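Examination of the molecular architecture
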Amino acid sequence: MIISKDDFTGLFKLAKSTELNKVIDATIERYEKEYVYKVLGVALGDLFWADCQAGTNGVPTDPIYLAIYNSFTYQDATYRQNYCDWDYFPYYFAGQTVTVTPLAKSCGMKELLLRAVYYEYTRLTTLMSSGQAGLNMPGVDAATTASSTNSIRYAELQYNEMLPSWDAIQWFVGTKNKTDYPDYVQPEYFPEFKTSSVY
């Protein structure tokens, strides 16, 4: 495994107990490799996965896999986002042309997987309870556990924050450095922004 329940701290904090730890582990087991395949395809995903398993604490040892495991930022004219960049929408809507050299920015595969598993865990467990334990809403006197709607919405924000990294990693292995990643085949899966139907 690349991530573990101990990685769910800070922005990705999840409540933990003996029973919840089993659910977190099961969610990682179910979704972690699936998201590796969705981003890298099966052939490159298997190679990346094997290198991570051979390394210490799920960190790959081969420099080509370390390059996508870690975060990166490139400003490159060959990068084209595969999702809508709402920052430029008003210009497009007004019929104006915006000339930019886009940023390909990735938080790295580990954080991408944390965001994906956090989303899946919250989506699954919020359906079983009244809210996400561990996600608190500030109050005047004390914090209260977030409602189901707020829990799902926060998980969606984490998922949506993952999309630029997903796109950047696919560009990195499929365009910028494709000679280093000959096993990469673009998966026929296109991530979409998540919006809740809980409202």
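To continue, consider the overall build of the protein chain. Of regular secondary structure, the protein chain possesses six helices and four strands. Reading the protein chain from its N end, one meets helices and strands in the order α-α-α-β-α-β-α-β-β-α. Across the 199 residues that make up the protein chain, the buried fraction comes to 40%. Put simply, of all contacts in the protein chain between residues at least 6 apart along the chain, 70% involve residues at least 24 apart. Looking at the protein chain as shown, the accessible area adds up to about 10900 Å², and 54% of this sits on carbon and sulfur atoms.

In contact at an axis separation of 7 Å, helix H1 (residues 18-40) and helix H2 (residues 42-54) are set at 130 degrees when each is read in the N-to-C sense. Here H1 is positioned oblique relative to H2, judged by the angle of their axes. In the crossing of H1 with H2, the sense of the turn from one axis to the other is right-handed. Seen from H1, the contacting residues are Glu-32, Lys-33, Val-36, Tyr-37 and Leu-40; seen from H2, they are Val-42, Leu-44, Gly-45, Asp-46, Phe-48 and Trp-49. Taken together, the residues that form the contact of H1 with H2 break down as seven nonpolar, one polar and three charged.

Attention now moves to unusual backbone geometry. Unusually for a residue other than glycine, Asn-57 sits at a positive phi of about 55 degrees. Along the chain, Asn-57 turns up in the loop between H2 and helix H3 (63-69).

Its place among the elements puts Ser-106 in strand E2 (residues 103-106). Between the alpha carbons of Ser-106 and Ser-71 there is a distance of 5.2 Å; along the sequence they are 35 residues apart. Discounting chain neighbours no more than four positions away, the residues touching Ser-106 are Ser-71, Phe-72, Ser-165, Ala-168 and Ile-169. Within the local environment of Ser-106, its side chain forms a polar contact with the backbone nitrogen of Gly-108, the two atoms lying 2.9 Å apart.

With that settled, the discussion passes to the pairing of E2. In E2, alternate side chains face the same way, and those of Ala-104 and Ser-106 are buried while those of Leu-103 and Lys-105 on the opposite face are not. Two strands pair when backbone bridges link them, and strand E1 (residues 72-75) and E2 are joined in this way by four bridges, in the antiparallel orientation. Paired with Tyr-74 across the two strands is Ala-104, which belongs to E2.

Per-residue pLDDT for the protein chain averages 84, and the proportion of residues at 70 or more is 75%. Mean pLDDT across the elements of the protein chain bottoms out in strand E3 (residues 136-137) (50) and peaks in H3 (98).

With that out of the way, let us pick up H1. End to end, H1 covers 33 Å across 23 residues, agreeing with the expected 33 Å (1.5 Å per residue, within 8%). What H1 keeps buried is the set Asn-21, Ile-24, Thr-27, Ile-28, Tyr-31, Glu-32, Tyr-35, Val-36, Lys-38, Val-39 and Leu-40. Downstream of H1 by one or two residues, Gly-41 has phi in the positive range, about 80 degrees.

This part covers the nonpolar core. Ranked by internal contacts, the top residues of the largest apolar core, which has 43 residues, are Ile-2, Phe-8, Leu-40 and Phe-48. Going through the elements one at a time, H1, H2, H3, helix H5 (109-126) and helix H6 (148-176) are the ones with two or more residues in this core. Broken down by element, the residue count for this core peaks at ten residues, all from H6.

Rules used throughout
Residues numbered from 1 in each chain as written. Predicted model: local features only at pLDDT ≥ 70, side-chain atom pairs only at ≥ 80, totals over all residues. Heavy atoms only, no water. Helix = DSSP H or I, 4+ residues; strand = E, 2+ residues; numbered from the N terminus. Buried < 20%, exposed > 50% of the residue type's maximum accessible area, 1.4 Å probe, protein only. Contact = heavy atoms within 4.5 Å. Areas by Shrake-Rupley, 256 points an atom, 1.4 Å probe, with all protein chains shown as cover. Axes fitted to C-alpha atoms, helices over the stretch in contact; angles between N-to-C directions. Parallel < 35°, antiparallel > 145°, perpendicular 65-115°, else oblique. Left-handed = near helix turned anticlockwise from the far one by under 90°. Nonpolar A, V, L, I, M, F, W, Y, C, P; charged D, E, K, R; others polar. Polar contact = N/O pair within 3.5 Å; in protein donor to acceptor, adjacent residues only side chain to side chain. Pairing = 2+ DSSP bridges. pLDDT = per-residue confidence, 0-100. Expected span 1.5 Å × (residues − 1). Core = buried A, V, L, I, M, F, W, Y, C linked by side-chain atoms within 4.5 Å.

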